[in-house]
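# Commentary on secondary and tertiary structure
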Amino acid sequence: MIEIPSDLHPDLVPLAFLLGNWQGVGVADFPGSEKCNFGQEVTFTHDGRDFLEYVSHSWVLDAEGNKVRPLETESGYWRIDKDRKVEIVMIRDQGVVEVWYGELADKKPQIDLVTDAVARTAASGPYSGGKRLYGYVKSDLMWVGEKATPEVPLRPYMSAHLKKVVTPEEVAEMARNLGDLPDDGIAFFR
C-alpha cells in the first residue's frame, strides 16, 4: 500500500511510492571491476518542498550476507513535472556528478532514466553515461542500472531488490538467495 503524507508537495504525489527507508541486496558486475553481491540501504525523504531527497549506501557482501566493505554512496534530489517527466541531480562518492532525465510510466510506478550530463573529478574512474530503471513491484522497490565508459558500451552493471525497512536477518536471508536474481536485473520488469 502506498501512503501519501499530508505534507507532501502536491507535485510529488506521483513519486510517493518511493518514500521511505529501503534495504535489500543486489548483484554488481562490470568489466574491470570485481563482480560481487551487495547490500543496499536507500532513503527517499521530503520536507514539503518540490523534490525528494535521495541517499543510497551500498556495501560488498560475503557469501553469508555480512558486510565486507563499502561499495558506493550516492545522494541527490528528484523532481517530477505535471507531464510526468522526472529530473534528478545526483552526486557519487567516486567523484561523479550526474543529471538524469526520464519519465514515470503511465498507469504504473516505473521510472526510466538516462543521463543527460556527467561531470567527473580527476580521481574518478572512466564513466560516460548510464540508464536506470526503477519500479515498485509487489510492494518492493527494484532497480537496474546500466553504465558506459569510453572502453565499454552501455551494459547492465548493478541491480537490486529492496524491501521497506527489513531486519538484518531478512537482509542476510535475501543475500543467501541471490541466485534467484537475474544477472542483468532487467528481467524484473518484463
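Numbering of residues begins from 1 in every chain and follows the order in which that chain's sequence is written. With the structure being a predicted model, the display of local features is reserved for residues of pLDDT at least 70 and the display and counting of side-chain atom pairs for 80 or more, all residues being used for whole-chain, interface and lining totals. Each side-chain value is derived from all of the structure's non-hydrogen atoms; neither hydrogens nor water enter the calculation.

### Here we look at the packing of aromatic side chains
Rules: A pair of aromatic rings is counted whenever rings of Phe, Tyr or Trp (Trp by its six-membered ring) have centres within 6.5 Å, and the orientation is called stacked for planes under 30 degrees apart, edge-to-face for over 60 and tilted otherwise. Secondary structure follows DSSP: runs of H or I at least 4 residues long count as helices, runs of E at least 2 residues long count as strands, and numbering of each begins at the N terminus. Buried residues are those whose accessible area, probed at 1.4 Å on protein chains only, stays under 20% of the maximum for their type, while exposed residues exceed 50% and partly exposed ones sit between those limits. Consider the ring centre and the ring normal. A charge sits over the ring if Lys NZ or Arg CZ is within 6 Å of that centre and within 35 degrees of that normal.
For the structure on display, the rule yields 9 aromatic pairs. Considering the side-chain rings of phenylalanine 30 and tyrosine 157, the 6.4 Å spacing of their centres and the 85 degrees angle between planes classify their relative orientation as edge-to-face. Of the two residues, phenylalanine 30 sits in the loop between strand S1 (20-28) and strand S2 (36-45) while tyrosine 157 sits in strand S10 (residues 155-164), which places them 127 residues apart along the sequence. Owing to a relative accessible area of 6%, phenylalanine 30 belongs among the buried residues under this scheme. Consider the rings of tyrosine 134 and tryptophan 143, whose centres lie 6.2 Å apart with planes at 25 degrees: the pair is stacked. Through a chain of ring-to-ring contacts, the aromatic side chains of Phe44, Tyr54, Trp78, Tyr134 and Trp143 assemble into a single cluster. For the cation-ring pair, arginine 132 lies above tryptophan 143, with the distance from its terminal atom to the ring centre recorded as 5.5 Å. For the cation-ring pair, lysine 147 lies above tyrosine 157, with the distance from its terminal atom to the ring centre recorded as 5.2 Å.

### Considerations on the pattern of salt bridges
Rules: Each salt bridge in this description consists of a side-chain nitrogen of Lys or Arg and a carboxyl oxygen of Asp or Glu lying within 4 Å of one another.
This model, assessed by the stated rule, comprises 10 salt bridges. Notably, a salt bridge pairs aspartate 47 with arginine 49, separated by 2.7 Å at the nearest N-O pair. Judged by its relative accessible area of 49%, arginine 49 is partly exposed. Here aspartate 50 and arginine 79 are joined by a salt bridge, their closest N and O atoms 3.7 Å apart. Remark: arginine 79 occurs in strand S4 (residues 67-80) and aspartate 50 occurs in the loop between S2 and strand S3 (52-61); sequence separation between them is 29 residues. Accessibility expressed as a relative area gives 29% for arginine 79, which makes it partly exposed. A single network of salt bridges, built from pairs that share partners, joins Glu72, Glu74, Arg92, Glu98 and Arg132.

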